[in-house]
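# Overview (structure and organization)
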Amino acid sequence: MTDMTNNDPMKKKQVLLEIKDLKIEGYTGENWVPIIKGVDLTLHRGEVMGLIGESGAGKSTIGAAAMGYARDGTRIVEGSSIEFDGIELTTSTSAEKRALRGSRIAYVAQSAAASFNPAHKLIDQHTEAPVQYRIKKRLEAQEDAIELYERLRLPNPEEIGFRYPHQVSGGQLQRAMTAMAMACRPDLIIFDEPTTALDVTTQIEVLAAIRDIVDQFNTAAIYITHDLAVVAQMADTIKVLLKGEEVEEAPTEQMLKNPKEDYTKSLWAVRSFERPQKERPKNATPLVSVQNIDAAYTGGVKVLDNVSFDIHEGMTVAVVGESGSGKSTTARVITGLLPPSNGQVLFRGEPLPPKYTDRSKDQLRQAQMIYQMADTALNPKVRISEIIGRPARFYSGLSGTALKSRVDELLDLIELEPSKYYDRFPPELSGGQKQRIGIARALAAEPSFIICDEVTSALDQLVAEGILRLLDRLQKELNLAYMFITHDLATVRAIADEVVVMQHGKVVEQGPKTEMFTPPHHPYTDLLLSSVPEMDPNWLTTLLEERGVDNVGEAADV
Amino acid sequence: MGDIVTLIAKRLGLGLITLLIISIIIFFMVELLPGDIAQAVLGQGATEENLAALREQMGLNKPSIVRYFEWLGGAVVGDFGESIVTGERVSAVISDRLVNTLFLAAYAAVIAVPFAITLGIIVALLRNTLFDRVANVLTLTSISSPEFFLGYVLILFLAVKSSAFPAIASLSGDLSFGELLHRTFLPALTLVLVVTAHMMRMTRAAIINLLASPYIEMARLKGTPPWKVIVKHALPNAWAPIINVVALNLAYLITGVVLVEVVFVYPGIGQSLVDAVSKRDFPVVQACCLIFAATFILLNLAADVGAILTNPRLRHPK
């Protein structure tokens, strides 16, 4: 905490980083447009500041600027001032800045898997900075790395550093990267969304490790994230950003209890959407019935083991579990992309052919998919009208004006102005709009059942909420059934009627949502539920006390 | 490591099948030409009886399938039959020249490959500077000019005007290794100039392509100096495309050097191919084609294996 009543008189508020009137511009191919429009930031020694905001708010850009670094295609505008421990970074030479990076300011990237060089062992990458700066000899640096691995509770600390990045799991890599940032005992670490790509259960261990190590060495940190609950665990102060400008800044507790600005309040209120839960109709044939499915990829081990669940008309079934639990594989089996090795899928009581090539057009149209990455799921070189029009033409045989009016109708359904979007290309749209086009494409086939594969996880919270509301409205109007694949339990709470929990390719628990969210749980469901960060700043501390520090994440395997 | 061994074995098998198909094409293409070997040997004035007798003697009356397998069986053990012009064994005619060509190719490669890759790394480091542009223009100029022209320019300056090197690279008598290198320097240099641009530009492109990767940004944010970012962090991940271009250029050094050999009167295999074609010496043509095909297949195979070996995911399985 940064309040003046700090009971440790030695821990004086000494300014480490002072950013004044930071302006950054990005090159669009024609001209320079402002990305950061004059942000001030003051960080003291040992303080952790959380930067939050939606994508495009400029959080990462500010984080990089704190190291005097401007990514390719961006530049720091003259007149900005970035002063790190008395050194003005905007006027330093690149050699002077390089001398600070790694040694006094370190960086932890969002995706450790992409940020470790695949060609070198972890420990060689770890020791690179200390050896470069002649802070430590190579062997000394290696010993230090092993000690840090131990402190971060990595399994086999003696040996894990001698592996290549692809041989280590995501959560472990993220901790190894935190260890690497610590290699020279820097004064400041920039954490750029370090847990965003991780499962909730893995996220906890990384959060705990980061918090511990920052405490132990009294390192100052800038913690960048879009997840409020996470930042509440980590930060002393929170700064909220919107489109390159500061909205407000306050100590964490104050910010959580009394946000001043409307925008901040809207961020806090996001998780309010919830729709009433529906009951299963009695004695009805389920719309889709997955029965005793086993499946494996070519030559591989079984990834699905005796999976069974039903989806009834007009209802939403959420399938939850960590990555690798078989959620998406189940979807592939239902759509016929991956024929199961055992078991069958029934549609309105009739078995579907296992391979999609053997299914009739009418069987194919019934089950449609919406994907996680709208960016990659839409062909960037095809017009919106064609993306939506193609399934309408293929399944319903529409053409000419009938096709055009159908596309207009679909665009209306997803709340996009037809005349404005008809001739556009996907790259001209925002993330949320692209996801809406993905929904319209699924609707064009007039399905009765849609598989939503993590459709909101790549979106900002406000945008995601808009998508959830849209899906809910469409469900009511068109009596759609959804299979909602997600690892985000907040989404499940918001929209699901029934929940299926998967782990290691098996269904561990299933039932109506209310039952699933009331104890007693299956131990794995319990682990998942209790791992979702909450807004309470003491949540992580309490949880770690309950579980014990050595019993989180992968160690807590049940 | 077992995976890699099976992978190499598989590629090798595929290479052999490709070579087999090519041998069929080579053999029957020659068959398709008007006239046959007997006619070629005896010329225009041959009588029917003479032709028939020679055909009988050379086994040309057998069905072509049988002759193909006889030829293939011989080729496998290095026996390509007799030259119909000189009557010598084809293998004897070709083997010396093949060694000469391989020597020249190796000589050029030893200079060109390290030179091109180093230059590629330097221009990647100094990208978009004056040095980068000058290097690009110079190497592109050298690749765009015909080889014989480059050869003559080199002869003009390095042999005629300064007489530092001999203009003709004839290999006669016993030459010490140093003398050999000195004599063949100009043709080797010509080849170096021809193949450098390709390899240099691919090295540059492959490295620059990786510079936007998160791990390169991470290296920069760790304070790694620019040259080390390129050499230690980008280059190890850029090998696959570079190796492929290097292999293609090495194959070119062996199979595409006819003009250079003619300009410098170098007794290589390219020259014997041209001679054989003009004299309709089919066994020699077939042998040369088969050797060239094998060269291409082998070098591409080596490139594939090399690209696999530089991928840590395959070298160090989970």
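The rules behind these values
Along each chain, residues carry numbers from 1 onward, in the same order as the chain's sequence is written. Each chain takes a letter, starting from A, and each ligand takes a number, starting from 1, following the order in which they are written. The predicted nature of this model means local features are confined to residues of pLDDT at least 70 and side-chain atom pairs, given and counted, to a pLDDT of 80 or more, with totals for whole chains, interfaces and linings taken over all residues. Computation of side-chain values: all heavy atoms of the structure, hydrogens and water removed. A run of H or I in DSSP becomes a helix once it reaches four residues, and a run of E becomes a strand once it reaches two; helices and strands are each numbered from the N terminus. For this analysis, residues touch if any pair of their heavy atoms sits within 4.5 Å. For accessible areas, the Shrake-Rupley method is used with a probe of radius 1.4 Å. Any residue's cover is judged against the shown protein chains and nothing else. Only protein chains enter the accessibility calculation, which uses a 1.4 Å probe. A residue is then buried if its area is under 20% of the maximum for its type, exposed if over 50%, and partly exposed in between. In this charge count, Lys and Arg are treated as positive and Asp and Glu as negative; neither His nor the chain ends contribute. Charged side chains are reduced to one point each, which is NZ for Lys, CZ for Arg, CG for Asp and CD for Glu. We call two strands paired when DSSP finds no fewer than two bridges between them. Fitting a line to C-alpha atoms yields each axis, with helices limited to the stretch in contact; the angle taken between N-to-C directions then spans 0 to 180 degrees. Residue ranges for the domains originate in an automatic or database domain assignment. Here's the idea: put two parts together, see how much 1.4 Å probe accessible area each one loses, and the total over both is what we call buried area. Salt bridges are defined by distance alone: a side-chain nitrogen of Lys or Arg within 4 Å of a carboxyl oxygen of Asp or Glu. By the criterion used throughout, a crossover qualifies as right-handed when its path from the first strand across the helix to the second strand runs clockwise, the strands pointing away from the viewer. Scored from 0 to 100, pLDDT reflects the predictor's confidence in each residue. Between the rings of Phe, Tyr and Trp (Trp by its six-membered ring), a pair exists once the centres lie within 6.5 Å; its type follows the angle of the planes, with under 30 degrees stacked, over 60 edge-to-face, and the other angles tilted. In this scheme, Lys NZ or Arg CZ marks a charge over a ring once it lies within 6 Å of the ring centre and within 35 degrees of the ring normal. Between 65 and 115 degrees an angle is taken as roughly perpendicular, under 35 as roughly parallel, over 145 as roughly antiparallel, and anywhere else as oblique. Classes in brief: Ala, Val, Leu, Ile, Met, Phe, Trp, Tyr, Cys and Pro nonpolar; Asp, Glu, Lys and Arg charged; the others, Gly included, polar.

## Things to note about the overall build of chain A
When its secondary structure is counted, chain A shows 23 helices and 21 strands. Across its three principal directions, the C-alpha atoms of chain A cover 70 × 50 × 45 Å. Of all intrachain contacts in chain A linking residues separated by at least 6 positions in sequence, the fraction that spans at least 24 positions is 69%. When the accessible surface of chain A is split by element, carbon and sulfur atoms take 49% of a total near 24000 Å².

## A look at the overall build of chain B
For chain B, the count of helices and strands is 15 helices and zero strands. For chain B, the residues scored as buried account for 43% of the 318 residues in total. For chain B, the share of sequence-separated contacts (at least 6 apart) that also reach a separation of at least 24 residues comes to 73%. If you sum the accessible surface of chain B, you get close to 16000 Å²; carbon and sulfur atoms cover 69% of it. With 22 positive and 20 negative side-chain charges, chain B shows a spacing of 20 Å between the two charge centroids.

## Re the sheet that holds strand 9 (residues 220-225) of chain A
All names here are of chain A. Spatially, the six strands line up as an open sheet ordered 7-8-9-3-10-11, and their pairing is mixed. The sheet terminates laterally at strand 7 (105-108) and strand 11 (245-251), the two strands that pair on one side only. For this sheet, the mean angle separating the axes of adjacent strands, direction not counted, is 15 degrees. When strand 3 (residues 48-52) meets strand 10 (residues 237-242), the two strands line up parallel, connected through four bridges. The partner of M49 across the bridge, within strand 10, is T237. Strand contacts of helix 7 (residues 170-182): strand 7 and strand 8 (188-192), with the helix running at about 170 degrees to strand 7, the strand carrying the most contacts.

## What about the domain arrangement of chain A?
Residue and element names in this part refer to chain A. You can read the domains of chain A as domain 1 (46-73 + 99-268) and domain 2 (288-383 + 445-534). Between domain 1 and domain 2, the C-alpha centre-to-centre distance is 33 Å. Taken together, the contacts link 17 residues of domain 1 with 14 residues of domain 2. The contact between domain 1 and domain 2 buries some 1300 Å² in all, and 53% of this surface belongs to carbon and sulfur atoms.

## Describing the interface of chain B and chain A
Between chain B and chain A, the contact holds 21 residues from the first and 28 residues from the second. Buried surface at the junction of chain B and chain A, summed over both partners, amounts to about 2400 Å²; 55% is from carbon and sulfur atoms. Linking chain B with chain A are one salt bridge. Salt-bridge contacts for A:E128 lead to B:K222; the nearest nitrogen and oxygen are separated by 3.2 Å. Secondary-structure elements contributing two or more residues to the side of chain B that touches chain A are helix 10 (214-221), helix 11 (226-255) and helix 15 (312-315) of chain B.

## Observations regarding the pairing of strand 9 of chain A
Residue and element names in this part refer to chain A. For strand 9, a buried count of six out of six residues is recorded, marking the element as mostly surrounded by other parts of the structure. What you see with strand 9 is no split at all: A220, I222 and I224 on one side and A221, Y223 and T225 on the other are buried throughout. Note: strand 3 against strand 9, five bridges, orientation parallel. Across the sheet, the residue bridging to L51 is I224, located in strand 9. Two elements, strand 8 and strand 9, share five bridges in a ladder whose sense is parallel. What sits directly across from F191, in strand 9, is Y223. Read as a crossover between parallel neighbours, the route from strand 8 over helix 8 (residues 200-216) to strand 9 is right-handed.

## Description of the confidence of the model for chain B
Averaged over all residues, the pLDDT of chain B equals 85, while 98% of them reach at least 70. Put simply, helix 2 (residues 37-42) of chain B is where chain B has its lowest mean pLDDT, 72, and helix 5 (residues 90-125) of chain B is where it has its highest, 90.

## With respect to the packing of aromatic side chains
In the structure shown here, the tally under the stated rule is 12 aromatic pairs over all chains. Taking 5.8 Å as the distance between ring centres and 35 degrees as the angle between the ring planes, the aromatic pair formed by A:F191 and A:Y223 counts as tilted. Within this pair, whereas A:F191 is found in strand 8, its partner A:Y223 is found in strand 9, the two being separated by 32 residues in sequence. The interplanar angle of 35 degrees and the centroid separation of 5.4 Å between the aromatic rings of B:F27 and B:W71 together place this pair among those described as tilted. Note that B:F27 is positioned in helix 1 (residues 2-32) and B:W71 in helix 4 (residues 64-76), a separation of 44 residues in sequence. You can call B:W71 buried: its relative accessible area is 10%. Against the face of A:W32 rests A:R75, its NZ or CZ located 4.0 Å from the ring centre. The ring of A:F394 has A:K361 sitting right over it, with the charged end atom 4.4 Å from the ring centre.

## Thoughts on the packing of helix 5 of chain B against helix 13 (residues 269-278) of chain B
Residues and elements named next belong to chain B. Between helix 5 and helix 13, whose axes approach to 7 Å, the crossing angle comes to 135 degrees. Taken as axis vectors, helix 5 and helix 13 run oblique relative to one another. Between helix 5 and helix 13, the contacting residues are I94, R97, L98 and T101 on the first element and I269, G270, Q271 and S272 on the second. Split by residue class, the contact of helix 5 with helix 13 holds three nonpolar, four polar and one charged.

## What about the side chain of A:E498?
Counting through the fold element by element, A:E498 comes out in strand 20 (residues 498-503). Aside from chain neighbours lying at most four places away, what touches A:E498 is A:R280, A:D310, A:M315, A:T316, A:V317, A:A318, A:G511, A:P512 and A:K513.

## Side note on the pairing of strand 12 (residues 288-296) of chain A
Residues and elements named next belong to chain A. Of the strand pairs in this sheet, strand 12 and strand 13 (residues 302-311) are connected by six bridges, and their pairing is antiparallel. Looking at strand 13, one finds that A295 is bridged to L304. Examined bridge by bridge, strand 12 and strand 15 (residues 342-347) share five bridges and lie antiparallel to one another. Note that in strand 15 the partner of V290 across the bridge is V345.

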